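# Observations on the three-dimensional arrangement
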Amino acid sequence: MSFETSREAYDAFMGRNAALLAPRLIAFAGVQPGDRVLDVGCGPGSLTEPLAELVGPEHVAAIDPSESFAAANAERVPGADVQVGGAESLPWPAGSFDAALAQLVVNFMSDADAGVAEMRRVVRPGGTVAACTWDYSGGMTMLRTFWDAALSLDPQAPDESRTMRYNDPAVLRELWLRVGLEVVENDTLVVEASYLDFDDFWDPFTGGVGPAGAYTASLEPDRREALREECRRRLGNPDGPFTLSATAWAVKGRA
């Protein structure tokens, strides 16, 4: 699995969903103009950019372990404090932010307890720590279509509904409570992404981004083509534009 890729590859694969999801996570977290906000696991900037539009880039910090993503984000949001690093060791002093957000990243932290605890540390007392993860089991239609197709051809395919621990609102809530956050709340965030045609859906999987991209890249050409055709069949053989819904589980708590 790799996130050392270009902004263009990420945006084609997940960016259209992430960009739609970001305003919903911001609203759920209650971020207000003038707040100082941290974007943890920022990727190439799907969340950082709307945060900067709301609070001003000088009030936004962001961090990602991928050097290419951090560089793309810094270019995308001039004036924001964008750094390379992991959630488990954030380079800011305690109480630096009014809110810390993590969009679609908790499952990719090497140690989620340490990562969320660090988010809590850098938020001021009374500030907010919020995150969201996809509903891999069914609500994220793009990925569910892909993994159902893959499993039908390869029962050992690494389906994200089985490999991602934080795939349920109750498990996210338990994590938030475990690191000492209070007044913990859950919500469901739903977006709908548009595709020009089937190739617009399929081609981004061949870019190697994330678990699905890594799995696609690992396949021999004939198996990759079989997977492509099974995805097409499961989508109803579209020959023009279509949309797919995506559901994310959200959680927030007070430091």
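For the structure, see preceding data.
Counting from 1, residues in each chain are numbered in the order their sequence is written. It should be noted that, the model being predicted, local features are given only for residues of pLDDT at least 70 and side-chain atom pairs only at 80 or more, the latter also being counted only at that level, while totals for whole chains, interfaces and linings use all residues. Note: side-chain values were computed over all heavy atoms of the structure, leaving out hydrogens and water.

Across residues other than glycine, the phi torsion is negative in most instances, and most of the peptide bonds are trans. Residue L104 is not a glycine yet carries a positive backbone phi of 60°. Only runs of H or I of at least four residues qualify as helices and only runs of E of at least two qualify as strands under DSSP, and these elements are numbered from the N terminus. Here L104 is to be found in the loop between strand 4 (97-103) and helix 4 (112-122). Each residue gets one of three labels from its accessible area relative to the maximum for its type: buried under 20%, exposed over 50%, partly exposed in between, using a 1.4 Å probe on protein chains only. Residue L104 is classed as buried on the basis of its relative accessible area of 13%. Within the chain, V183 stands out as a residue other than glycine whose phi angle is a positive 50°. In this fold, V183 is placed in strand 6 (residues 182-195).

Our next topic: the packing of aromatic side chains. Within a pair of aromatic rings, the relevant descriptors are the distance that separates the centres and the angle that separates the planes. Ring geometry is summarised as follows: Phe, Tyr and Trp rings, the Trp one being its six-membered ring, pair when their centres sit within 6.5 Å, and such pairs are stacked at plane angles under 30 degrees, edge-to-face over 60 and tilted between the two. A complete count under the given rule lists 13 aromatic pairs for this structure. Three or more aromatic residues joined by ring pairs form one cluster here, namely F13, F146, W147, Y195, F198, F201, W202, F205, Y215 and F242. In this scheme, the term charge over a ring applies when either NZ of a lysine or CZ of an arginine sits within 6 Å of the ring centre and within 35 degrees of the ring normal. Over the aromatic face of F28 sits the side chain of K252, whose NZ or CZ is 4.9 Å from the ring centroid.

For the rest of this paragraph, the subject is helix 7 (residues 169-178). Looking at helix 7, one finds that the buried residues are L172, L175 and W176. Taken down its axis, helix 7 places every buried residue within 100° of arc, on the same side. Residue contacts follow a heavy-atom distance rule, with two residues in contact if any of their heavy atoms lie within 4.5 Å. Tucked inside the fold, the buried residues of helix 7 contact helix 4, strand 5 (123-134), strand 6 and strand 7 (242-254). Here a polar contact means two N or O atoms within 3.5 Å. Within protein one must be a hydrogen donor candidate and the other an acceptor candidate, and residues neighboring in sequence count only if both atoms are side-chain atoms. Backbone nitrogen of A170 and a side-chain oxygen of the N-cap are separated by 2.7 Å at the start of helix 7; the cap is D168. Where helix 7 ends, the next residue or the one after it, G180, has phi of about 95°, a positive value. Here the arc refers to the set of directions running from the helix axis out to each C-beta atom.

Before going further, it helps to spend a moment on the nonpolar core. In this description, a nonpolar core means a group of buried Ala, Val, Leu, Ile, Met, Phe, Trp, Tyr and Cys residues linked to one another through side-chain atoms lying within 4.5 Å. By size, the foremost hydrophobic cluster in this structure holds 60 residues, and its most contacted members are L101, W134, M142, L143 and F201. In terms of residue count, helix 1 (residues 7-29) provides more of this core than any other element does, ten residues in total. Residue contacts for L101: discarding those within four places in its chain leaves L25, I26, A29, V31, V37, L38, D39, V40, L47, L51, M119 and A130.

The disulfide criterion used throughout: a pair of cysteine sulfur atoms within 2.5 Å. Tallying each qualifying case throughout the model produces zero disulfides. For C132, which is in no disulfide, the shortest distance to another cysteine sulfur is to C42 and amounts to 14 Å.

With mixed pairing, the seven strands of this open sheet are ordered in space as 3-2-1-4-5-7-6. The open sheet terminates on both sides in strands that have one partner only, identified here as strand 3 (81-84) and strand 6. For this sheet the average axis-to-axis angle between neighbouring strands, irrespective of direction, equals 20°. Here strand 1 (residues 37-40) runs beside strand 4; their pairing, made up of three bridges, is parallel. Here the rule is simple: two strands pair whenever DSSP picks up at least two bridges between them. Note on method: axes are straight lines fitted to C-alpha atoms, helices fitted across the in-contact stretch only, with angles between N-to-C directions ranging 0 to 180 degrees.

A few words now on the packing of helix 9 (residues 210-218) against helix 10 (residues 221-234). Relative to each other, helix 9 and helix 10 sit at 130°, their axes nearing to 8 Å. Looking at the two axes, helix 9 sits oblique to helix 10. Residue-level inspection shows Y215, T216 and A217 of helix 9 in contact with helix 10, the latter providing R223, R224 and L227. In the contact of helix 9 with helix 10, the residues fall into three nonpolar, one polar and two charged. The scheme is simple: roughly parallel for angles under 35 degrees, roughly antiparallel for over 145, roughly perpendicular for 65 to 115, oblique for anything else. Each residue gets one of three labels, nonpolar for Ala, Val, Leu, Ile, Met, Phe, Trp, Tyr, Cys and Pro, charged for Asp, Glu, Lys and Arg, and polar for the others, Gly among them.

None of this, on its own, says anything about what the molecule does.
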